[in-house]
Amino acid sequence: MLLTVTTTHRPATDLGYLLVKHPDRTHSFDVPTGTAHVLYPEATEDRCTVALLLDVDPQRLGGGRKQQASPDSFTLGQFVNDRPYAASSLLASALAKVFRSALRGESKDRPSLAATPIPLEIHVPVLRCKGDPVALFEPLGWTVTARVIPLDDVPEGHPLAGDSAYVDLTLTGTLRLADALNHLYVLLPVLDDAKHYWVAPDEIDKLLRSGEGWLASHPSKELIARRYLAHRRSYMLSALERLSPDLSADGDLSGESAPAAPRDPSLAEQRRDAVLAALAASGASRVLDLGCGGGALLAGLIKDMRYTEIVGTDVSSKALDLAHKRLHLDNVPSRQAGRVTLWQSALTYRDDRLKGFDAAVLMEVIEHLDLSRLPALEASVFGHARPGTVVVTTPNAEYNVLYEGLSGMRHSDHRFEWGRSSFAAWTDRICTTYGYNAALSFVGNMDKSVGGSTQMAIFTLPRKDES
Ligand code: SAH
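Residues numbered from 1 in each chain as written. Predicted model: local features only at pLDDT ≥ 70, side-chain atom pairs only at ≥ 80, totals over all residues. Heavy atoms only, no water.

Novice: Just to check I follow, could you spell out the sheet that holds strand 12 (residues 389-395) for this structure?
Specialist: Strand-to-strand pairing in sheets goes through backbone hydrogen bonds, with the strands running parallel or antiparallel. Read from one edge to the other, the open sheet built from seven strands follows the order 10-9-8-11-12-14-13, with strand pairing classed as mixed. Only two strands of the sheet have a single neighbouring strand rather than two, namely strand 10 (340-344) and strand 13 (437-447). Neighbour-to-neighbour, the strand axes of this sheet turn through a mean angle of 15°, independent of strand direction. Inspection of the sheet shows strand 11 (residues 359-363) paired to strand 12 by five bridges, in the parallel sense. Among the inter-strand pairings, A359 is bridged to a residue of strand 12, identified as T389. In the packing of helix 15 (residues 374-385) onto the sheet, the strands contacted are strand 8 (286-290), strand 11, strand 12 and strand 14 (451-460), and the crossing angle to strand 12 comes to about 150°. (Pairing = 2+ DSSP bridges. Helix = DSSP H or I, 4+ residues; strand = E, 2+ residues; numbered from the N terminus. Axes fitted to C-alpha atoms, helices over the stretch in contact; angles between N-to-C directions. Contact = heavy atoms within 4.5 Å.)

Novice: I would appreciate a short explanation of the environment of V98 in the present structure.
Specialist: With respect to the secondary-structure elements, V98 resides in helix 3 (residues 89-98). Sequence separation of V98 and V20 is 78 residues, and the distance between their C-alpha atoms is 9.4 Å. Excluding residues within four positions of it along the chain, V98 makes contact with K21, F29, A36 and V38.

Novice: How should the environment of M456 be read in this particular structure?
Specialist: Along the polypeptide, M456 turns up in strand 14. For M456 and R271, which are 185 residues apart along the polypeptide, the C-alpha to C-alpha distance reads 8.9 Å. Once residues within four sequence positions are removed from consideration, M456 is found in contact with A274, V275, V391, V392, T393, F423, A439, L440, S441 and V443.

Novice: Looking at this model, I keep getting lost on the side chain of S345. Mind explaining?
Specialist: The topology assignment puts S345 in the loop between strand 10 and strand 11. Exposure remark for S345: the relative accessible area of 8% places this residue in the buried category. At 2.7 Å, the side chain of S345 and the side chain of D351 are in polar contact. With near-sequence residues (within four places) excluded, S345 lies in contact with T313, D314, V315, D351 and R353. (Buried < 20%, exposed > 50% of the residue type's maximum accessible area, 1.4 Å probe, protein only. Polar contact = N/O pair within 3.5 Å; in protein donor to acceptor, adjacent residues only side chain to side chain.)

Novice: Even after reading the chapter, I still don't get the pairing of strand 5 (residues 118-129), so can you show me in this structure?
Specialist: Along a regular strand, successive side chains alternate from one face of the sheet to the other. In this structure, strand 1 (residues 2-7) lies alongside strand 5, joined through four bridges in antiparallel fashion. Among the inter-strand pairings, T6 is bridged to a residue of strand 5, identified as E121. Sheet topology places strand 5 next to strand 7 (residues 165-175); 10 bridges connect them, and they run antiparallel. For V124, the partnering residue across the bridge sits in strand 7 and is L169.

Novice: Explanation requested: the sheet that holds strand 1 in the structure shown.
Specialist: Here seven strands make up an open sheet; going across it, the order is 2-3-4-1-5-7-6 and the pairing antiparallel. A single partner strand is all that each edge strand has here, and the edge strands are strand 2 (27-31) and strand 6 (143-148). Averaged over all pairs of adjacent strands, the angle between their axes in this sheet comes to 15°, without regard to strand direction. Here strand 1 runs beside strand 4 (residues 48-56); their pairing, made up of six bridges, is antiparallel. Looking at the pairing, L2 lines up with L53 of strand 4. The strands touched by helix 3 are strand 1, strand 2, strand 3 (34-43) and strand 4; relative to strand 4, the strand with the most contacts, the crossing angle is about 120°. Along the sheet face, helix 7 (residues 177-192) touches strand 1, strand 5 and strand 7 and points at about 15° away from the line of strand 5.

Novice: Where do I start with the nonpolar core in this structure?
Specialist: Note on soluble globular proteins: their nonpolar side chains tend to be buried together. Residues F99 and W142 are the most contacted members of the largest nonpolar core, which totals 71 residues. In terms of residues, this core owes the most to one element, helix 7, which gives 10 residues. Sequence-distant contacts of F99, defined by excluding residues within four places in its chain, comprise L19, K21, V38, V50, L52 and L181. Listed in part, the 30 residues of the second largest apolar core include A360, F423, I430 and Y434. (Core = buried A, V, L, I, M, F, W, Y, C linked by side-chain atoms within 4.5 Å.)

Novice: Would you explain the packing of aromatic side chains in this entry?
Specialist: Centre-to-centre distance and the angle between the planes together describe a pair of aromatic rings. Using the criterion set out here, one finds 12 aromatic pairs in the structure. Residues F382 and F459 carry aromatic rings whose centres are separated by 5.0 Å and whose planes lie at 70° to one another, so their mutual orientation is edge-to-face. One end of the pair, F382, is in helix 15; the other, F459, is in strand 14, with 77 residues separating them in the sequence. One exposure class covers both F382 and F459, and it is buried. The interplanar angle of 20° and the centroid separation of 6.0 Å between the aromatic rings of F423 and W426 together place this pair among those described as stacked. Of the two residues, F423 and W426 both sit in helix 16 (residues 420-434), three residues apart, roughly one turn of that helix. What makes F423 buried here is its relative accessible area of 1%. The aromatic ring of Y235 is capped on one face by R232, whose charged end is 4.2 Å from the ring centroid. For the cation-ring pair, R353 lies above W343, with the distance from its terminal atom to the ring centre recorded as 4.7 Å. (Phe/Tyr/Trp six-rings, centres within 6.5 Å; stacked < 30°, edge-to-face > 60°. Lys NZ or Arg CZ within 6 Å of the ring centre and 35° of its normal.)

Structure below.
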């Protein structure tokens, strides 16, 4: 099983720093299914190629844990099959083990290069493929060449027969190496659609971690989640629910087995609608979306002409770029575009530009701050900017027991998640310190014993206090 990654970003040998594998040497690692070798067939300043070669030990495969989706029914089939040759989830697991820090986008020696999109070419000479690799890789910015490899006659019932094709796949594009590796880590097993290991609940976390920044907006995210999680429907639903809150409301939900009945609005959609309703009820016309992320709420606000001035802020320029694109700010009529502004701003610092607005929203934002930094946000929003209404939403940690397969928090970037009493205590403290009143409610499914999935607080200033 073989995979190569080539870059022409000079000096191309810096690829070795990103992967933490010196280009002059061959590196070998013991992995659960055999031995993984990393070597560089070419390494010059202009062009550098790294190869990941997985030497599968069929005995280890056939022996150990029972294969979950193996079609091999005859004894020899355990040993004579395509597993050693065709790229699949085995190669993806080896990739994750051997290039762990590169997958995370970390690089001690070349941190800025790790964060920079560079020209890449990825070649997988034999990939067992069920479905269309173009549809999976193209939306991520890759140019895809997939050549079907003709096979000699394969007897019916042999593992090499069936609805899969063998494809020689080449991907070219300018991407961060970490993104490229994460795309492969998730999509190789998705294309193979036969995981070699038992899918445990922590696979959901792995999928969300690797899918961060691209999976939520992928047009085939349902198919990806379903196949990656070995068709466990409850896992898939849990994963889709937890996908980045700023994007998960969107995307094409049509997949291999899309439900025929109209689907229920997702939690993200219900939350956005609840926040929009609270803003409308407040009578606000100049509003702030603080920590606006990819602009899910802004997209709703811009459609409603009662809002004459809409400002989205975020500390992340990547999020603001995403919002800019999503709202088509470059090509909406200027009357519309003129109502919306995006500012980069950190909520833990006072920002005079945020003063004098009617209302502000902190939708799924507070839990992204370290608890020790939360008082700084409180002072800058409730003390300094001081809008007449502040709408805050945050997960209800008590509800997490109802998400099958969820072991920790809902999102890898969450620093804390509060239960009902912690959230109530926090709102009380804001009211006492900054003179607001608060009304608490839930959004999403309600459970008798643990409450709703999302907690919402609507803070209002007594009229005389408004400026
Ligand atoms: N409100 C959006 C995004 C929620 S994700 C939605 O519900 O769809 C949380 C967002 O908060 C991220 O975009 C993150 O960049 C932003 N954020 C985290 N810490 C921040 C800080 N200190 N100042 C401003 N924004 C912050």
